[in-house]
Amino acid sequence: MTGPAWVLLGLGLLVVVVQRRTLALGAVSAQVLVLVGLAFADAGDLHEFAATGALAVRGTVLAVVFGLLISRTRDSRPVAHPLKPLLRGALAVGLGLALTWLVPPIGLADRTAEPVVLCLVAFGLLVAATSRATIVQVLGVLLVENGMSLAALQLPGSSWMIELGVAVDVILIALVAGIFHERIFVEFGAGDSAALRSLRD
Amino acid sequence: MTDRILLAEVLVAAPLAVAVIVACLPRRWTTALAVGGAAVTGALAVTVSGLALADAAHPRVGSWIALDAAGGLLVGVIGLVGLVSVLISPAYLATATSSLVADGRRATFYYVLVNVFWAALLAVPLAGNLGTAWLLVEATTAASALLVGFSGSARALEAGWKYLILTSLGLGIALLGIVLLAAGTPGGGLGALTWRTLPTYAGDPSTALVAYLLLLVGLAAKIGWAPVHNWLPDAHSQAPAPVSALLSAALLPAVLLVAWRCEQGLAPVIGQTTARNVLIGFGLASVAVAVPFLARQLAWKRLLAYSSLEHMGVIALGIGFGSPLALAGVAVHLTAHAVAKTLGFVVVTPLLAHRPSAAREAVTGIGGSRPVLAAGMGVCLGTLSGLPPSPIFVSELLIIAGGFQAGRPWIAGATALLLALAFLGLSRSLLETTAWNTSADAPEHERTAALPGLRAAGALAAVSTVVLVALVGVSAWLPATDLVDAFLKGVS
């Protein structure tokens, strides 16, 4: 799976460096498409096809909902990222490499997937932690979940109920985040987490 | 066995059924249905809890459901906290001026979310599988985030957003730990990670250690352990008061039980001392971070939130010590904390009606104008501070003694010092809140105007006092019982 692994990694890095929310959403959705392809290729029984279907539904629902949200909450000026693209790209690669070095071998069926899983987690954490745009923060969480989906596909044995449950949970969390994003946009005039700093001790 | 498991399944289904019924039936029945449904769920929870505790030596464990002594205790606590939360909700809704939805649908939306949240909470201690437990904890986030932001105010949105993003990221990290474990567990797949198969992990112990650290760091974000507790004061202070009670007295301990089960399951693989040291580290950090905030003049709900940080730290220390005395202390502490914290949030609705400024700043002199309110706040703060002879004073003594029993005198000593500082901080708030002013200072209308939820707060203060006194008796008897052995064994 070297080819798909590089595609997933490249799309993940794209989410880190791009400024436009639509591009970031496109990259996360494209990752889900790649994952669905991988899952479909490996599916051998009804349960695995069901888990693949759940992944596809998750990708479609979130792409549509977040696409609508972006179109309904257009910022008059794009919410600037506090770090330059090159710097956050370098940080993401550094964090990914550090995580790959720190975490011992996972034991996935395909060993080439392991660094990709860890890098996607690192990229997602960085995006969620450093981005100011609320919708991009959610995309960071989804990037982490995409990494987890890749790992779940490569686990020996199948637990389709859990994988279905993860897909449902991720959809729910993302939908709730979507509701918050829209309300924050209405309340503060921008989907900018920098405005959320009134609660301090 | 089947009956007990079946009852546990019915218990989780009950609030879900109430949520569906409330959503479908006309609005005029919403409150009655919610309150009636809560009574049924509360009674079921107490029954399941009683059965589990009465037969603590024989836990029921399956692939998907586990019911042991610790889980039984939590189910009882969550059931009763949920019941009180629903009972005081009409008073909260009567005073709510805004929400995420239109006024006409406010109560329906609220009760549906509360019941879904309650169902997920009740299911967490019953989960027989690490994967299922993760799913349920994640489900609590989806329901409770909307409740945190329920008022729709700018500050509530901020609190809800922080809670959602921080806990989702934390749970993502925990999921990575679960994947690491699943790859090395016989049977494979996320579904193979039952509490009883965790000790049979066949992979590299260093991988298991990394997985354990990822799991605990991820769960810490949800439990509110320092240093990943940032969402806690904000969410507790902005959520509707009945929801804050559920967050503090039910959610945090329920997720803490998952962390405890991970420790019990992985200790044979990574070493018991290592596994417990991680819990002790989180416990000490949490109490140490909470102490300076407890000494400050904070708004009532934020003060209670920092107290949650302290008490989740104390419980982590008790589990980390792992000795019989410490675990007896944990059981008493968990229960007494739930009683006091529920009372603390129940008084919020009448308190805010009496002093709206209490939402943003410390309150003083309530005793002079509202003795009933002051009594509730006093019982709450007196208990949370560990004022002798409150059950939390006894449980903290048990946990510290348990630290010595476990051969950790320095950590037990540090714990005692930190708890003494926390006591001093909260004692100041206790004095200033309840007894600083005299009645002559309070205008007549402040003392006589009707307050929403005041009767409930007064009644609960009386009931809580009786329960807390009974808990002191229980704490003297508990260390010598089989229940502590059951806590030590867990689901194994």
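All values derive from a computational prediction rather than experimental measurement.

A.B. asks: Just checking my understanding: could you explain the overall build of chain A for this structure?
C.D. replies: Along the backbone of chain A there are seven helices and zero strands. The order of helices and strands in chain A, counted from the N terminus, is α-α-α-α-α-α-α. Referenced to the eigenvectors of the C-alpha coordinate spread, the extents of chain A come out at roughly 50 × 35 × 35 Å. The proportion of buried residues among the 201 residues of chain A is 51%. A separation of at least 24 residues holds for 74% of the contacts in chain A among residues at least 6 apart in sequence.

A.B. asks: How do you make sense of the interface of chain A and chain B when you look at a structure like this?
C.D. replies: Bring the parts together and some accessible area is lost; that lost area is often taken as the interface size. At the junction of the two partners, chain A supplies 45 residues and chain B supplies 52 residues. Across the chain A to chain B interface the summed buried area is about 4100 Å²; carbon plus sulfur atoms make up 75%. At the boundary of chain A and chain B, one finds zero salt bridges. Remark: the boundary between chain A and chain B carries four residue pairs in polar contact (both at pLDDT 80 or more). Elements supplying a minimum of two residues to the side of chain A that touches chain B: helix H5 (113-130), helix H6 (134-153) and helix H7 (160-188) of chain A. Among the elements that take part in the side of chain A that touches chain B, H7 of chain A stands out by supplying 16 residues, more than any other. The class makeup of the residues in the side of chain A that touches chain B is 30 nonpolar, eight polar and seven charged.

A.B. asks: What's the story with the nonpolar core in this structure? I'm lost.
C.D. replies: Generally speaking, soluble globular proteins have nonpolar side chains that are buried together. Residue and element names in this part refer to chain B. Core analysis: the largest hydrophobic core is formed by 248 residues, its most contacted members being Leu-130 and Trp-225. In terms of residue count, helix H9 (residues 241-270) provides more of this core than any other element does, 21 residues in total. What Trp-225 contacts, discounting residues up to four positions off in sequence, is Ala-220, Leu-256, Ala-259, Leu-279, Phe-282, Ser-286, Leu-309, Met-312, Gly-313 and Ala-316.

A.B. asks: Looking at this model, I keep getting lost on the packing of helix H4 (residues 85-102) of chain A against H5 of chain A. Mind explaining?
C.D. replies: Angle between the axes and distance between the axes: these two values describe a pair of packed helices. Residue and element names in this part refer to chain A. Packing of H4 against H5 leaves a shortest axis separation of 8 Å and a crossing angle of 135°. Overall, the two elements H4 and H5 adopt an arrangement that is oblique. For the element pair H4 and H5, the recorded crossing hand is right-handed. Residue-level contacts link Arg-88, Leu-91, Ala-92, Val-93, Leu-95, Gly-96, Leu-99 and Thr-100 of H4 to Pro-115, Leu-118, Cys-119, Val-121, Ala-122, Phe-123 and Leu-126 of H5. Across the contact of H4 with H5, the residue classes break down as twelve nonpolar, two polar and one charged.

A.B. asks: Honestly, the environment of Leu-169 of chain B in this entry has me stumped. Any pointers?
C.D. replies: You can see Leu-169 of chain B is positioned in helix H6 (residues 154-183). The spatial distance from the C-alpha of Leu-169 of chain B to the C-alpha of Gly-218 of chain B is 7.6 Å, given a sequence separation of 49 residues.

A.B. asks: What is the right way to look at the packing of helix H3 (residues 46-72) of chain A against H6 of chain A in this model?
C.D. replies: Residues and elements named next belong to chain A. In the contact formed by H3 and H6, the axes pass within 13 Å of each other and the chain directions differ by 170°. The angle between the axes of H3 and H6 places the two elements in the roughly antiparallel class. Packed against H3, whose contacting residues are Leu-55, Arg-58, Leu-62, Phe-66, Leu-69 and Ile-70, the element H6 presents Ile-135, Val-138, Leu-142, Glu-145, Asn-146 and Ser-149 at the interface. Its residues assigned to classes, the contact of H3 with H6 comprises eight nonpolar, two polar and two charged.

A.B. asks: Can you help me understand the environment of Tyr-163 of chain B in this one?
C.D. replies: Residues and elements named next belong to chain B. Examined against the element boundaries, Tyr-163 turns out to sit in helix H6. Residue Tyr-163 is classed as buried on the basis of its relative accessible area of 0%. Taking the C-alpha atoms as reference points, Tyr-163 and Trp-231, 68 residues apart in sequence, are found 5.1 Å from one another. The residues touching Tyr-163, leaving out its near neighbours within four places in the chain, are Thr-140, Thr-141, Ser-144, Ala-145, Val-148, Ser-168, Lys-222, Trp-231, Ala-235, Leu-247 and Leu-251. At a separation of 3.0 Å, a polar atom in the side chain of Tyr-163 contacts the side chain of Lys-222.

A.B. asks: Explain the packing of aromatic side chains here, please?
C.D. replies: In this description, a pair of aromatic rings is defined by centroid distance and the angle of the planes. Residue and element names in this part refer to chain B. Under the definition given, this model contains ten aromatic pairs over all chains. Consider the rings of Tyr-92 and Tyr-110, whose centres lie 5.9 Å apart with planes at 35°: the pair is tilted. One end of the pair, Tyr-92, is in helix H3 (residues 69-95); the other, Tyr-110, is in helix H4 (residues 106-123), with 18 residues separating them in the sequence. As far as burial versus exposure is concerned, Tyr-92 and Tyr-110 are alike and both buried. Between the aromatic rings of Phe-109 and Phe-150, the centroid separation amounts to 6.1 Å while the plane-to-plane angle is 15°, which identifies the pairing as stacked.

A.B. asks: Got a minute to help me understand the confidence of the model for chain A in this structure?
C.D. replies: Detailed conclusions should not be drawn from predicted coordinates in areas where pLDDT is low. The share of residues in chain A with pLDDT of 70 or more is 97%, and the mean pLDDT across the chain is 89. Per-element mean pLDDT across chain A ranges from 87 in H7 of chain A up to 95 in H5 of chain A.

A.B. asks: Any chance you could explain helix H20 (residues 482-489) of chain B here in plain terms?
C.D. replies: Two residues of an α-helix separated by three or four positions point the same way, owing to the 3.6 residues in each turn. All names here are of chain B. Those residues of H20 that sit buried are Leu-483, Val-484, Ala-486 and Phe-487. All buried residues of H20 fall inside an arc of 155° around its axis, so they share one side. The exposed set on the far side of H20, more than 90 degrees from its buried face, consists of Asp-482 and Lys-489. Packed against the buried residues of H20 are helix H2 (30-54), H3, H9 and helix H12 (324-346).

A.B. asks: Hey, could you run me through unusual backbone geometry in this one?
C.D. replies: Negative phi is the rule for most residues except glycine; trans is the rule for most peptide bonds. All names here are of chain B. Note the cis peptide between Ala-226 and Pro-227, where omega equals 5°. Between Pro-388 and Pro-389 the backbone carries a cis peptide bond, its omega angle lying at 0°. Topologically, Pro-389 is positioned in the loop between helix H15 (371-385) and helix H16 (391-405).

A.B. asks: Mind showing me how you'd approach the side chain of Asp-68 of chain B here?
C.D. replies: With respect to the element layout, Asp-68 of chain B can be found in the loop between strand S2 (66-67) and H3. Discounting chain neighbours no more than four positions away, the residues touching Asp-68 of chain B are Ala-52, Pro-59, Arg-261, Gly-490 and Val-491 of chain B.

Conventions and cut-offs
Counting restarts for each chain: residues are numbered from 1 in the order of the written sequence. Chain letters and ligand numbers both follow the written order, the letters beginning at A and the numbers at 1. The predicted nature of this model means local features are confined to residues of pLDDT at least 70 and side-chain atom pairs, given and counted, to a pLDDT of 80 or more, with totals for whole chains, interfaces and linings taken over all residues. To obtain the side-chain values, all non-hydrogen atoms of the structure were included, while hydrogens and water were left out. A run of H or I in DSSP counts as a helix once it spans at least four residues, and a run of E counts as a strand once it spans at least two, with each numbered from the N terminus. Buried residues are those whose accessible area, probed at 1.4 Å on protein chains only, stays under 20% of the maximum for their type, while exposed residues exceed 50% and partly exposed ones sit between those limits. In this description, contact between two residues means that some pair of their heavy atoms is separated by no more than 4.5 Å. Defined here as a combined quantity, buried area equals the accessible surface (1.4 Å probe) lost by two parts on assembly, summed across both. Each reported salt bridge corresponds to a side-chain nitrogen of Lys or Arg within 4 Å of a carboxyl oxygen of Asp or Glu. N or O atoms within 3.5 Å of each other form a polar contact, as long as, within protein, one can give a hydrogen and the other can take it, and as long as residues adjacent in sequence are counted only when both atoms are side-chain atoms. In the scheme used here, Gly and all other residues not listed as nonpolar or charged are polar, with Ala, Val, Leu, Ile, Met, Phe, Trp, Tyr, Cys and Pro taken as nonpolar and Asp, Glu, Lys and Arg as charged. Residues belong to a common nonpolar core when they are buried Ala, Val, Leu, Ile, Met, Phe, Trp, Tyr or Cys residues joined through side-chain atoms within 4.5 Å. With axes taken as lines fitted to C-alpha atoms, and helix axes fitted only over the stretch in contact, angles between N-to-C directions fall between 0 and 180 degrees. By the definition adopted for this analysis, an angle is roughly parallel if under 35 degrees, roughly antiparallel if over 145, roughly perpendicular if from 65 to 115, and oblique otherwise. Crossings are classed by handedness, with left-handed meaning an anticlockwise turn of the near helix from the far one by less than a right angle and right-handed meaning a clockwise turn. In this analysis, rings of Phe, Tyr and Trp, with Trp reduced to its six-membered ring, are considered paired at centre separations within 6.5 Å, and the interplanar angle assigns stacked below 30 degrees, edge-to-face beyond 60, and tilted for intermediate values. The pLDDT score gives, residue by residue, the confidence of the prediction method on a 0 to 100 scale. Directions drawn from the helix axis to the C-beta atoms are what define this arc.

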